[in-house]
Amino acid sequence: MYTQGLDQKDKSAPQRDTLETPEQLEAFQARIDAEEKIEAKDWMPEAYRRTLVRQISQHAHSEIIGMQPEGNWLTRAPTLKRKAILLAKIQDEAGHGLYLYSAGETLGVSRDAMVGDLLTGKAKYSSIFNYPTLTWADIGAIGWLVDGAAIMNQIPLCRCSYGPYARAMVRICREESFHQRQGFDILRVLCEGTPEQKAMAQDALNRWWWPSLMMFGPNDADSKHSAQSMAWKIKRFSNDELRQKFVDVTVPQAEFLGLKVPDDDLVYDEKSGHYRFGEIDWQEFIEVIKGNGPCNRQRLGKRRKAHEDGEWVREAARAYAEKQAAKAAA
Amino acid sequence: MNSNDALLAYVLRLGDNALVLGQRMVELVAAYPELEEELANANFALDYIGQARMFYAYAGELEGKGRGEDDFAFLRDENEYRNVLLLEQPNGHFGDSIAKLVLFEAFYLQQLEALVHCTDKRVAEIAARAEKEIRYHLRHNTQWLIRLGDGTAESHGKAQQAVDNLWRFTGELFAADEVDNVFENEFDGPDLFRIREKWYATIAAVLDEATLTMPEDAWMASGGKAGQHSEHLGYMIAEMQYLQRVHPGANW
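Residues numbered from 1 in each chain as written. Chains lettered and ligands numbered in written order. Predicted model: local features only at pLDDT ≥ 70, side-chain atom pairs only at ≥ 80, totals over all residues. Heavy atoms only, no water.

Q: Please give an account of the overall build of chain A that cites residues and values.
A: Per the secondary structure count, chain A includes 12 helices and 2 strands. Computed over its C-alpha atoms, the radius of gyration of chain A comes to 21 Å, within 12% of the 20 Å expected for a compact globule of 330 residues. Each principal axis of the C-alpha atoms in chain A carries an extent, and together these give about 70 × 55 × 35 Å. A separation of at least 24 residues holds for 80% of the contacts in chain A among residues at least 6 apart in sequence. With the model as given, the accessible surface of chain A reaches about 14300 Å², and the carbon-plus-sulfur share is 55%. Both charge centroids of chain A, one from 45 positive and one from 47 negative side chains, sit 5 Å from each other. (Helix = DSSP H or I, 4+ residues; strand = E, 2+ residues; numbered from the N terminus. Rg over C-alpha atoms; globule rule 2.2 N^0.38 Å. Contact = heavy atoms within 4.5 Å. Areas by Shrake-Rupley, 256 points an atom, 1.4 Å probe, with all protein chains shown as cover. Lys, Arg positive; Asp, Glu negative; His and termini not counted. Charge placed at Lys NZ, Arg CZ, Asp CG, Glu CD.)

What follows is the structure in structure tokens.
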């Protein structure tokens, strides 16, 4: 998911960029064009490195923050089987966070530094996780829509030009597609259930549909910073292409469930074979990115509290390791 | 008490212990001090929920009234739960969680090791699987208790306080009642007196390595095994059972 990071302007001072020669840049681009994988020790332009650090760390942060909206229903999951599946999913997300931070570290940034940027609010995470999970059906909607949108974004990342990121994504995509099926299954059972359960499913679709479409980032016309990422083959498809693909795949699934997509402008265009859909409320998207979504403060507040509450534990582990090392040396 | 009733009651206790502890661990998801510990907690909680499901499924078969795992978990009131009081205590800080896990798992591992050799085949099979899981948990959690005890002055103080606070709930683990006695005699089940000796030796060694002091045995709380719980269990169960209670008979 979470490629919204590509649309932010690179604000870091390009100090080292000035040392890069046109020959180096040309040779680098030739490798990219030949579909070679760039590895951690290879020469790379500073801007390429920074773009990847931003995207990979944002992706990692999204996995970690994304544990919270789902964790909100873990204690109330309706059956033991559903509880175990949800717990396994959340555990996978913590695992994805770990490999992504490791992939980020291959670019010379420590995990502590990346986590530090999340906690101070400097680094972003996907806007979707700033929406609340209000009913059990939201857990289904997150799996179906949010993980579904994530897969659309992430499958092309398996062919990303940066090797460590591409390889991490292969494993992540396999798990995400399992999560998506589980989410759809939660909604399928609700839609086949009581009228109250079906209403719960419709309400979840009503609330999650538009924020899911926003996950692909701004329209191409407004996404000026993604051209370079396309040239570097970090990004393979434009925001609008991926969003269209998501809508085309998802609308028939909603119909299968007997749910109505909350968009009066949604129509199937026979000629193009695509669904045409209404305008996204970009003002809402901008507000959520700026920190004014329903749960931004709550999500970051909980992450900060966990980090602060754990400080004495991390200190204890360090102190113990030092004592052991001193004993071994003596 | 006949042997069938004792077997059912014993299996339900095992299931209740696993579920109540698993649910407390689930409450901590997304609040751990390190990502690696987040993974460990989720993984261990999954083991407990898995064990609860196996014990409840078997309890349903033994009872023969058509109840399944979710009936036991979601449709019983708190006084029908038979977990030990130690496990329903609310979560505190990381040191409280670690101390609770070490105190319980040092017992549970011995219990499972004994159950592997009991004459009820199903209990022995489930115990064989659970034993491998709990052996790993105990090793991991013991290492943490040692780190906290022998870490900084602050962590030492917190770990000692956690052990002191929880100590009064350890007596119930070994207080044999009729269910334990019948199960021991009829199914070659665990001898709680012997388990206590081994537990005591294990805990003494861990606390010693952690530079912590073993609390003096004083008054011990009990009642959980007889369905008399602390106030805390009711809230946990109310939260856990909410959807099943609000939508009776629905499928999920």
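And the narrative resumes.
Q: Please provide a residue-by-residue account of the overall build of chain B, values included.
A: Scanning chain B from N- to C-terminus turns up 11 helices and 0 strands. For chain B, the sequential pattern of α-helices and β-strands runs α-α-α-α-α-α-α-α-α-α-α. Relative to a compact globule of 252 residues, whose C-alpha radius of gyration would be 18 Å, chain B shows 18 Å and is just as compact. Taking the principal axes of the C-alpha coordinates as reference, chain B spans close to 55 × 40 × 30 Å.

Q: Can you break down the pattern of salt bridges residue by residue, with the values?
A: A full pass over the atoms with the stated rule returns 40 salt bridges over all chains. In this structure, Glu311 of chain A engages Arg318 of chain A in a salt bridge whose closest nitrogen and oxygen atoms are separated by 3.5 Å. For Glu311 of chain A, a relative accessible area of 29% gives the class partly exposed. One salt bridge connects Asp180 of chain B with Lys225 of chain B, and the closest N-O pair in it is separated by 3.1 Å. Of this pair, Asp180 of chain B sits in helix α9 (residues 178–187) while Lys225 of chain B sits in the loop between α10 (192–209) and α11 (231–246), and the two are 45 residues apart along the sequence. Residue classification places Asp180 of chain B among the buried residues on the basis of a relative accessible area of 8%. The exposure class of Lys225 of chain B is buried, given its relative accessible area of 10%. A cluster of three or more residues bridged by salt bridges with shared partners is formed by Glu70, Lys89, Glu93 and Asp147 of chain A. (Salt bridge = Lys/Arg side-chain N within 4 Å of Asp/Glu carboxyl O. Buried < 20%, exposed > 50% of the residue type's maximum accessible area, 1.4 Å probe, protein only.)

Q: Just give me the short version of unusual backbone geometry, but keep the residues and values in it.
A: Generally, phi is negative for residues other than glycine and the peptide bonds are trans, each holding for most cases. All names here are of chain B. Residues other than glycine seldom take positive phi values, yet Ala30 does so here, at roughly 75°. Considering the arrangement of structural elements, one finds Ala30 in the loop between α1 (3–26) and α2 (35–63). Even without glycine at this site, Thr211 takes up a positive phi of about 55°. Following the sequence through the fold, Thr211 ends up in the loop between α10 and α11.

Q: Residues and numbers for the interface of chain B and chain A, please.
A: Between chain B and chain A, the residue contacts involve 48 residues of the former and 47 residues of the latter. Of the roughly 4100 Å² buried between chain B and chain A on both sides combined, carbon and sulfur atoms contribute 70%. Among the residues chain B hides against chain A, the three largest losses belong to Leu35, Leu39 and Trp252 of chain B. Together they make up 18% of the total. One can count 3 salt bridges joining chain B with chain A. Between Glu36 of chain B and Arg111 of chain A there is a salt bridge; the shortest N-O distance is 2.8 Å. Linking chain B with chain A are 11 residue pairs in polar contact (both at pLDDT 80 or more), by the criterion used here. Elements with a contribution of two residues or more to the side of chain B that touches chain A: α1, α2, α3 (69–74), α5 (94–115), α6 (121–149), α7 (153–167) and α11 of chain B. Top contributing element to the side of chain B that touches chain A by residue count: α2 of chain B, with 11 residues. (Buried area = accessible area lost by both parts, 1.4 Å probe. Polar contact = N/O pair within 3.5 Å; in protein donor to acceptor, adjacent residues only side chain to side chain.)

Q: So what's going on with the environment of Ala204 of chain A? Residues and values would help.
A: Residues and elements named next belong to chain A. Residue position: Ala204 is located in helix α7 (residues 195–214). Given a relative accessible area of 0%, Ala204 falls into the buried group. Residues Ala204 and Ile286 lie 82 residues apart in sequence; the distance between their C-alpha atoms is 22 Å. Dropping the residues within four chain positions of it, Ala204 is found in contact with Ala137, Asp138 and Ala141.

Q: Before we move on, could you go through the packing of aromatic side chains and cite the residues and values that matter?
A: If you walk through the whole model with that rule in mind, you get 24 aromatic pairs over all chains. Ring centres of Trp144 of chain A and Phe184 of chain A lie 6.0 Å apart, and the angle between their planes is 65°; this geometry places the pair in the edge-to-face category. Of the two residues, Trp144 of chain A is situated in helix α5 (residues 136–157) and Phe184 of chain A in helix α6 (residues 163–191); the sequence distance between them amounts to 40 residues. Between Phe44 of chain B and Tyr136 of chain B the ring centres are 5.9 Å apart and the planes differ by 75°, which places this aromatic pair in the edge-to-face class. On the criterion of sequence distance, the pair formed by Phe44 of chain B in helix α2 and Tyr136 of chain B in helix α6 is long-range, its members being 92 residues apart. Judged by its relative accessible area of 42%, Tyr136 of chain B is partly exposed. The rings of Tyr48, Phe104, Phe107, Tyr108, Trp167, Phe174, Trp199 and Tyr200 of chain B are connected pair by pair, giving a single aromatic cluster. Of note, Arg76 of chain B hangs over the ring of Tyr81 of chain B, and the distance from its end group to the ring centre comes to 4.4 Å. Positioned above the aromatic ring of Phe174 of chain B is the side chain of Arg196 of chain B, whose terminal nitrogen or guanidinium carbon lies 5.9 Å from the ring centre. (Phe/Tyr/Trp six-rings, centres within 6.5 Å; stacked < 30°, edge-to-face > 60°. Lys NZ or Arg CZ within 6 Å of the ring centre and 35° of its normal.)

Q: Can you lay out helix α3 (residues 80–105) of chain A for me, pointing to particular residues and giving the numbers?
A: Its 26 residues place the ends of α3 of chain A 37 Å apart at the C-alpha level, agreeing with the 38 Å of an ideal helix rising 1.5 Å per residue. The element α3 of chain A is extensively covered by neighbouring structure, given that 20 of its 26 residues are classed as buried. (Expected span 1.5 Å × (residues − 1).)

Q: Describe the packing of helix α4 (residues 111–120) of chain A against helix α11 (residues 296–309) of chain A, naming the residues involved and giving the relevant values.
A: Residues and elements named next belong to chain A. Following both chains from N to C, one finds α4 and α11 inclined at 130°, their axes separated by 9 Å at the closest point. The pairing of α4 with α11 is recorded here as oblique in orientation. Where α4 crosses over α11, the handedness of that crossing is left-handed. Side by side, α4 and α11 meet where Val115, Leu118, Leu119 and Thr120 of the first sit next to Leu300, Arg303, Arg304 and His307 of the second. In the contact of α4 with α11, the residues fall into 4 nonpolar, 2 polar and 2 charged. (Axes fitted to C-alpha atoms, helices over the stretch in contact; angles between N-to-C directions. Parallel < 35°, antiparallel > 145°, perpendicular 65-115°, else oblique. Left-handed = near helix turned anticlockwise from the far one by under 90°. Nonpolar A, V, L, I, M, F, W, Y, C, P; charged D, E, K, R; others polar.)

Q: Now, about the side chain of Glu20 of chain A: what can you tell me, with residues and values included?
A: Residue and element names in this part refer to chain A. When you line up the elements, Glu20 lands in the segment before α1 (22–33). Of the residues examined, Glu20 reaches a relative accessible area of 16% and is grouped as buried. Reaching out from Glu20, the side chain makes a polar contact with the backbone nitrogen of Glu46 at a distance of 2.5 Å.

Q: Quick one: what's the story with the nonpolar core, residue by residue and with numbers?
A: For soluble globular proteins, the rule of thumb is that nonpolar side chains tend to be buried together. Counting 181 residues, the largest nonpolar core has Tyr48, Trp136, Tyr162 and Trp209 of chain A together with Tyr108 of chain B as its most contacted members. Excluding anything up to four places from it in sequence, Trp209 of chain A contacts Leu145, Phe246, Val247, Thr250, Val251, Val261, Pro262 and Asp263 of chain A. (Core = buried A, V, L, I, M, F, W, Y, C linked by side-chain atoms within 4.5 Å.)

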